[in-house]
Amino acid sequence: MKPLTEQEIRAAFVNCTKGEAKRLSVPRDLADHSWDDLDYLGWRDSQSPERAYLVLELNGHPKALVLRSPNPTSWQTRRSMCSMCLTTHTGGVSLMVAPKAGKAGQQGNSVGAYICSDLSCSLYVRGKKDAGAGAHLHESLTLEEKIQRTVTNLAAFLTKVTA
């Protein structure tokens, strides 16, 4: 992923108003991110842990989503699989819900997916972060194919939000 500025991130949100995008919490350490290892940028709001954000590049342009999820203290302890990167975690996957873009979102419609609670799918796929024993099923896919699968799953989720 190419490095993004705070302004680029705020302008990329597709499922909130411009005013909401101006007020939301953006990571202060953008320059410190290892952008080459990221397929998307994801973070939880430090002021409101039930809010999360996700920014990915689609057709060369950043697109961002506002997400809601359970408070990290309420994570369940059963083993679950992330629907984006297919990593399994004990208590590390949350249902992330995104309001749909446009009129559908204003009417309260939303789309959900089970995603790594810390939004670190890119790092789990690359083996740069460990989700513990049994986190990855044996696959014959190459690293590049796993990365592409994760990106494809994220793009499909974004498409559902903007449809």
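The structure under discussion appears in the preceding block.
These numbers were taken from a predicted model, which means no experiment stands behind them.

Assigned secondary structure in the protein consists of 5 helices and 7 strands. Taken from N to C terminus, the helices and strands of the protein fall in the order α-α-β-β-β-β-β-β-α-β-α-α. Relative to the globule expectation of 15 Å for 163 residues, the C-alpha radius of gyration of the protein, 15 Å, shows essentially globular dimensions. Expressed as lengths along the three principal axes of its C-alpha atoms, the size of the protein is roughly 45 × 30 × 30 Å. In the protein, which comprises 163 residues, the proportion classed as buried is 46%. For the protein, long-range pairs separated by at least 24 residues make up 57% of all intrachain contacts whose partners lie at least 6 apart in sequence. Surface accessibility of the protein: about 8900 Å² in total, with carbon and sulfur atoms responsible for 51%. Averaging the coordinates of the 20 positive side-chain charges in the protein and doing the same for the 16 negative ones gives two points 9 Å apart.

A positive phi angle, close to 55°, is found at Asn 59, a residue other than glycine. Mapped onto the elements of the fold, Asn 59 is located in the loop between strand S2 (51-58) and strand S3 (61-68). At Leu 119, a residue that is not glycine, the phi angle is positive and equals roughly 55°. Position of Leu 119 among the secondary structure elements: in the loop between strand S7 (110-116) and helix H4 (121-125). On the basis of relative accessibility, which here comes to 5%, the residue Leu 119 falls in the buried class.

Another aspect to go through is the nonpolar core. Judged by nonpolar contacts, the single largest core of 26 residues is most densely connected at Leu 67, Cys 82, Met 84, Ile 115, Cys 121 and Phe 157. Looking at this core, the elements that each hand over two or more residues are S2, S3, strand S6 (93-99), S7, H4 and helix H5 (143-162). With 5 residues, the single largest contributor to this core is H5. If we ignore the near neighbours within four places in the chain, the residues touching Phe 157 are Leu 65, Leu 67, Met 84, Met 96, Ala 98, Val 111, Gly 112, Ala 113 and Ile 115. Of all hydrophobic cores here, the second largest spans 18 residues; its members include Ile 9, Cys 16, Leu 41 and Val 55.

Relative to S3, S2 runs antiparallel, the two sharing 8 bridges. Paired with Val 55 across the strands is Ala 64, a residue of S3. The hairpin formed by S2 and S3 contains 2 residues between the paired strands, and Asn 59 there has a positive phi angle of roughly 55°.

A few words on the pattern of salt bridges. If you walk through the whole model with that rule in mind, you get 6 salt bridges. Across the pair Arg 10 and Glu 6 runs a salt bridge, and its minimum N-O distance is 2.8 Å. Of the two residues, Arg 10 and Glu 6 are both situated in helix H1 (residues 6-11); the distance of 4 residues between them amounts to about one turn of the helix. A salt bridge links Arg 126 to Asp 39; its shortest N-O distance comes to 2.9 Å. One end of the pair, Arg 126, is in the loop between H4 and H5; the other, Asp 39, is in the loop between helix H2 (18-23) and strand S1 (40-44), with 87 residues separating them in the sequence. Owing to a relative accessible area of 13%, Asp 39 belongs among the buried residues under this scheme.

Here Val 111 lies in strand S7. The class of Val 111 is buried, set by a relative accessible area of 12%. With 19 residues separating them in the primary sequence, Val 111 and Gly 92 have C-alpha atoms 20 Å apart. Apart from residues no more than four positions distant in its own chain, Val 111 is found in contact with Met 96, Val 97, Ala 98, Lys 100, Phe 157, Lys 160 and Val 161.

Reading the values: the criteria
Residues numbered from 1 in each chain as written. Predicted model: local features only at pLDDT ≥ 70, side-chain atom pairs only at ≥ 80, totals over all residues. Heavy atoms only, no water. Helix = DSSP H or I, 4+ residues; strand = E, 2+ residues; numbered from the N terminus. Rg over C-alpha atoms; globule rule 2.2 N^0.38 Å. Buried < 20%, exposed > 50% of the residue type's maximum accessible area, 1.4 Å probe, protein only. Contact = heavy atoms within 4.5 Å. Areas by Shrake-Rupley, 256 points an atom, 1.4 Å probe, with all protein chains shown as cover. Lys, Arg positive; Asp, Glu negative; His and termini not counted. Charge placed at Lys NZ, Arg CZ, Asp CG, Glu CD. Core = buried A, V, L, I, M, F, W, Y, C linked by side-chain atoms within 4.5 Å. Pairing = 2+ DSSP bridges. Salt bridge = Lys/Arg side-chain N within 4 Å of Asp/Glu carboxyl O.

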